[in-house]
Every structure is written in C-alpha cells, then in structure tokens.
Amino acid sequence: MIDVNVKFEEQNDRLLCKINGDFDAYHSAEIKKQIKERMESSKAAKIVVDMSEVPYIDSAGLGAMVAILKDARHLGKEIVLVSLRQNVKRIFEMTRLDKVFKIVEVLEEA
C-alpha cells in the first residue's frame, strides 16, 4: 500500500493542496483531516486541490471531497479541483459531482 501525502502551499489568496496517491477508503479520512485542519488555519479564500497525482478515487474519497466542500462553504471559502486524471474525472462525471465542484484543467485557471 502506497502512502498518500498532501503538500500545502500558500499562494497569494489561495491555498494549494496537492494530493499524491490513491484517494480511497484507506486514506480518505487522513486526507480529509489534513485538508480541513489546514483550511481552517489558512486565511486564503480559495482552496485549490491539485489531483494530478491521484491515480484512483473511490466512494470514500468522493465522500471525503464532499465533506471538505461542505466545510469550505461553512468557512466561506471556495474549492476548485484541478488537473484530474481522465479516469478520476469520469467518476466525478458519473456521480454528477462535476456539477457540484468547480473543476478546471490547469492550475492557471484555478
């Protein structure tokens, strides 16, 4: 099992969260906890989640993303997902979560 990590970087008025590894039942709680804690302590109004290094996401990962979105809205922050791989993007489309999340192709659009 590959360890998953989340790297954070503050840029102007946005917090960049780069997830590296599978976003699945084994890792979703830890990823959600890390992003939520950093989001609460950050002054950034926009949270950019870079998923270019996420090869796989399952229902637990999707559930964690929805929970992160709810937390962000509660804090008055915007969530933008960026650089989803084709198979991950397809899962967002099949579950219609692509209508809920703002998803962009490249970091510059976020």
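Bear in mind the structure is a predicted one, so any value in this text is a computation, not a measurement.

(A) A look at the nonpolar core. Counting residues in each nonpolar core, the largest one holds 28 residues, and the members touching the most others are I19, F23, M51, M65, I79, L81 and F92. It is helix α2 (residues 59–74) that contributes the most residues to this core, six residues altogether. If we ignore the near neighbours within four places in the chain, the residues touching F92 are M51, I57, L62, M65, L81, L84, L97, D98, F101 and I103. Judged by nonpolar contacts, the second largest core, of six residues, contains V48, V82, V104 and A110.

(B) Representation of unusual backbone geometry in the model. Its identity as a non-glycine residue notwithstanding, S83 has a phi of 60°, on the positive side. The backbone of R96 sits at a positive phi, close to 65°, despite the residue not being glycine. Locating R96 in the fold gives a position in the loop between α3 (86–94) and β5 (102–104). A residue is classified by how much of its surface remains accessible, and R96, at 54% relative accessible area, is exposed.

(C) The pattern of salt bridges, seen in detail. For the coordinates displayed, the defined rule picks out seven salt bridges. D71 is paired through a salt bridge with K36; the nearest N and O atoms lie 3.9 Å apart. Within this pair, whereas D71 is found in helix α2, its partner K36 is found in helix α1 (residues 28–41), the two being separated by 35 residues in sequence. Among the residues examined, K36 registers a relative accessible area of 31% and is labelled partly exposed. In this structure, K102 engages E78 in a salt bridge whose closest nitrogen and oxygen atoms are separated by 3.9 Å. Taken together, the residues K102 in strand β5 and E78 in strand β4 (residues 78–82) connect sequence positions 24 residues apart. A residue is classified by how much of its surface remains accessible, and K102, at 39% relative accessible area, is partly exposed.

Cut-offs used in this document
- Residues numbered from 1 in each chain as written.
- Predicted model: local features only at pLDDT ≥ 70, side-chain atom pairs only at ≥ 80, totals over all residues.
- Heavy atoms only, no water.
- Core = buried A, V, L, I, M, F, W, Y, C linked by side-chain atoms within 4.5 Å.
- Buried < 20%, exposed > 50% of the residue type's maximum accessible area, 1.4 Å probe, protein only.
- Helix = DSSP H or I, 4+ residues; strand = E, 2+ residues; numbered from the N terminus.
- Contact = heavy atoms within 4.5 Å.
- Salt bridge = Lys/Arg side-chain N within 4 Å of Asp/Glu carboxyl O.

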